[in-house]
Number of protein chains: 2
Amino acid sequence: MNLKELSELLNLSQTTVSRALNGYPEVRDETRRRVIEAAERHNYMPNTRAKGLATGRSMSIGHVIPLSKKHEILNPIFGDFITGASEAYVAAGYDLVLSLVPDDDQAAHYRSLGAKNNVDGLILHGPMVNDSRIPLLQDLDLPFLVHGRASGWPEDYAYFDMNNRRAFERATRHLIELGHRRIAFVNGREEMDFAHRRRLGYEAALAASAIEPDPWLMVSGDMTESLGAESVARMLDAPDPPTAVLASSIVIALGVERAARARGLTVGRDLSIITHDDELSYLPNGRDEPLFTATRSSVREAGRRCAEMLLGRVANPGGPPPQELVEADLILGRSTGPAPKKDSA
Amino acid sequence: MNLKELSELLNLSQTTVSRALNGYPEVRDETRRRVIEAAERHNYMPNTRAKGLATGRSMSIGHVIPLSKKHEILNPIFGDFITGASEAYVAAGYDLVLSLVPDDDQAAHYRSLGAKNNVDGLILHGPMVNDSRIPLLQDLDLPFLVHGRASGWPEDYAYFDMNNRRAFERATRHLIELGHRRIAFVNGREEMDFAHRRRLGYEAALAASAIEPDPWLMVSGDMTESLGAESVARMLDAPDPPTAVLASSIVIALGVERAARARGLTVGRDLSIITHDDELSYLPNGRDEPLFTATRSSVREAGRRCAEMLLGRVANPGGPPPQELVEADLILGRSTGPAPKKDSA
DNA sequence: TGGCCGCGTCAAAGCGCTTTGGAAAGTTTT
DNA sequence: AAAACTTTCCAAAGCGCTTTGACGCGGCCA
């Protein structure tokens, strides 16, 4: 069933049927009712592509996720982020088109998205420090919004970010206030902007308390459970082990916990753990008393905000790019406690 | 830059330019070269919507993910599944459009996907027992493929599934052969078809060894870490606790491990754990000697196969629906061992 | 020399929609 | 009663592409 058939069926012109369905005023109420009723009865819905061609808008937003050939790890936050974004898209009648692109042909992919004109805007995931995609997109005249930021470029693009630096600075300071001096940090890959900023926060807090950062206590890599387990196991077996660990994700923290338990250490007493909690739906950190003390910020909520902001920009391209920086909560859980007294001191 | 402009630039008709770019034979080699070179230089790519309108194909595949209003949990396997599927789509020049749909208006959504004609085919995620979406899609004349199956309907639709029943039967049998009799099962929601089948496999193995299934040892719910931790904690504190646990996902298994350790039990000695391992990229189960004994089947690979099969069906709609059932490997890790001798026996 | 064939190209139709620019009624104003 | 609007509808153009059917032009064969 298409517009032509429907209009012939109703003995009306395509114009009138189209206007009736799209809510234009110049249609008699009774006519509109007839049209709508017939459309429903015959399950008519306008062909997306034809409509898009006619209006010049595709009613869809692209999400481009870089997939490193070397790493091949899809950040698990992505699912929840998309869930949040979808809420906004559904509400606005937009579709979400997803591309996972190997990071070597990112540029070509963005250019083609622009040229082929099949999205009205796009969301950039996983920005890196000095990410070359930013200037590329700025040239492309396709509205875009970055989830995160890219240190190294002037911040004259649209973004939504969590204050990673501040969050990790606070978390570290909290550990210091509990008396910890040997604080390990298991971070994501530090080419990624969020990890870079977290590192800065960690170092700033140490510096503020005149604690010398120890390279042996700092690890960065793909945020897997085993990264947490293996790296911290190594540290615990070395002389002068950490009394606290800062983890960049709950998945890492679970690994750290495993390493601790394997050595008979009690988390929260012998070893403190603070993690960042993205509030992933399948890794709840406890309702009443959280398992992990954590900096918390819902990535799902971030998805929703990103989508809303981008949609706003698409609808209304003028003006300065929207920017939002949210703070993470620092929530207290059972995984932290005062630094243990040194045995030999 | 569009076709018209490009053709004027080249002093050729739109026809010739189009044919040159699409590889039709009736274009002189030198002309084709000229066209291709000009297209590249001006970064011309055909407008997706116009092309789609003209050809009647949208070059995109829909993935519809049901999102239960009550549960709001996005299965974490989804990210890796999509990663695999994307590989196939990218290779074939297809886009992936994603919808997360609240499960109450699934029907409307599918119907609209069909009517609006904006995907050439779709993949159905998370089939339930007796899933009403199957007959609905069969009426819709839109090629589709189910990731999983829907018990209760005749299997006359295209699907790709892992043999959940067999995998969990083997896993359970393995535990029985190790001497376990009290075997707990922490499963996903059993309205879901995969969980339903896993339950059948578990029960079949028990029955084959004449072990009476104990409802106290069987739990089903959203597959979160805390489901594993809390339900098994409860079982361990009850009289006649389990000596082994079968978990439906690694996330659950991590929770089970936490519960065990919290009680001072050593996993693999005091409590055996077998889990299903989807090979999620950020939860690697160890390379050399896996952490968990597990039934293993790559969900990423499943994504790739699903996409390939569906693309085949889209290109070639005739014939019987493609169906594939793969077996999971049973891999031995450190989380299982012989049943401990009973203290009081 | 004329007719035929294949090659390379083109004009135009069509995909299904929106939107512009009327136009035929009916209503109000002068 | 004529003029000026309103209201309600329509025909047709246009979005950017593919594809059909036709055509001009050498070359080949008879």
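This text follows the structure it describes.
Read on for an overview of the structure.

What counts as what
Along each chain, residue indices are assigned from 1 in the same order as the chain's sequence is written. Throughout, the order in which chains and ligands are written sets their labels, letters from A for the former and numbers from 1 for the latter. Side-chain atom pairs in this predicted model are given and counted only at pLDDT of 80 or more, local residue features only at pLDDT of at least 70, and totals for whole chains, interfaces and linings cover all residues. Derived side-chain values reflect all non-hydrogen atoms in the structure, with water molecules and hydrogen atoms excluded from consideration. Any two residues having at least one pair of non-hydrogen atoms within 4.5 Å are treated as being in contact. Buried area: the accessible area, evaluated with a 1.4 Å probe, that two parts lose upon being put together, summed over both parts. Any carboxyl oxygen of Asp or Glu within 4 Å of a side-chain nitrogen of Lys or Arg constitutes a salt bridge here. In DSSP terms, a helix is any run of H or I states spanning at least four residues, a strand is any run of E spanning at least two, and both are numbered starting from the N terminus. In this classification, the charged set is Asp, Glu, Lys and Arg, the nonpolar set is Ala, Val, Leu, Ile, Met, Phe, Trp, Tyr, Cys and Pro, and all remaining amino acids, among them Gly, are polar. Two strands pair if DSSP finds at least two bridges between them. Angular values range over 0 to 180 degrees, each being the angle between N-to-C directions of two axes fitted as lines to C-alpha atoms, with helices fitted over their stretch in contact. Residues are classed as near a molecule or strand on a simple rule: at least one heavy atom within 4 Å of it. Here a polar contact means two N or O atoms within 3.5 Å. Within protein one must be a hydrogen donor candidate and the other an acceptor candidate, and residues neighboring in sequence count only if both atoms are side-chain atoms.

### Quick notes on the interface of chain B and chain A
Phase 1 of the analysis: Tallying the contact residues gives 49 residues for chain B and 49 residues for chain A.
Phase 2 of the analysis: Summed over both partners, the interface of chain B with chain A buries about 4500 Å², with 60% contributed by carbon and sulfur atoms.
Phase 3 of the analysis: Viewed at the interface, chain A and chain B are joined by zero salt bridges.
Phase 4 of the analysis: Put simply, the parts of the chain that give the side of chain B that touches chain A at least two residues each are α4 (48-55), α5 (77-92), β2 (95-102), α6 (106-116), α10 (225-237) and α11 (250-262) of chain B.
Phase 5 of the analysis: The dominant element in the side of chain B that touches chain A, judged by the number of residues it contributes, is α5 of chain B, at six residues.
Phase 6 of the analysis: Residues that form the side of chain B that touches chain A fall into these classes: 22 nonpolar, 15 polar and twelve charged.
Phase 7 of the analysis: Examined bridge by bridge, strand β2 (residues 95-102) of chain A and β2 of chain B share three bridges and lie antiparallel to one another. Bridge assignment links Leu 98 of chain A to a residue of β2 of chain B, and that residue is Leu 96 of chain B.

### With respect to the sheet that holds β2 of chain A
Phase 1 of the analysis: Taken in spatial order, the twelve strands make up an open sheet running β11(A)-β5(A)-β4(A)-β3(A)-β1(A)-β2(A)-β2(B)-β1(B)-β3(B)-β4(B)-β5(B)-β11(B), and their pairing is mixed. Of all strands in the sheet, those with a lone pairing partner are β11 (323-326) of chain A together with β11 (323-326) of chain B, marking the two edges. Within this sheet the neighbouring strands show an average axis-to-axis angle of 20 degrees, counted without direction.
Phase 2 of the analysis: Two elements, strand β1 (residues 60-67) of chain A and strand β3 (residues 121-124) of chain A, share four bridges in a ladder whose sense is parallel.

### So, the protein's contact with DNA strand D
Phase 1 of the analysis: In the vicinity of DNA strand D there are 26 residues, among which Ser 13 and Thr 15 of chain A together with Leu 3, Ser 18 and Tyr 24 of chain B approach most closely.
Phase 2 of the analysis: The contact in question runs from a phosphate oxygen of DNA strand D to an N or O atom on the side chain of Tyr 24 of chain B, over 2.6 Å.
Phase 3 of the analysis: Broken down by secondary-structure element, the contributors of at least two residues to the surface near DNA strand D are α2 (14-22) and α4 (48-55) of chain A together with α2 (14-21) and α4 of chain B.

### What about the protein's contact with DNA strand C?
Phase 1 of the analysis: Surrounding DNA strand C, one finds 26 residues, the nearest of these being Leu 3, Ser 18 and Tyr 24 of chain A together with Ser 13 and Thr 15 of chain B.
Phase 2 of the analysis: At a separation of 3.1 Å, a phosphate oxygen of DNA strand C approaches a polar side-chain atom of Asn 22 of chain A.
Phase 3 of the analysis: At 2.7 Å, a side-chain N or O of Tyr 24 of chain A approaches a phosphate oxygen of DNA strand C.
Phase 4 of the analysis: If you list the elements that add at least two residues to the surface near DNA strand C, you get α2 and α4 of chain A together with α2 and α4 of chain B.
Phase 5 of the analysis: For the surface near DNA strand C, the element with the most residues is α2 of chain A, which contributes five residues.
Phase 6 of the analysis: Looking at the surface near DNA strand C, its residues break down into ten nonpolar, twelve polar and four charged.

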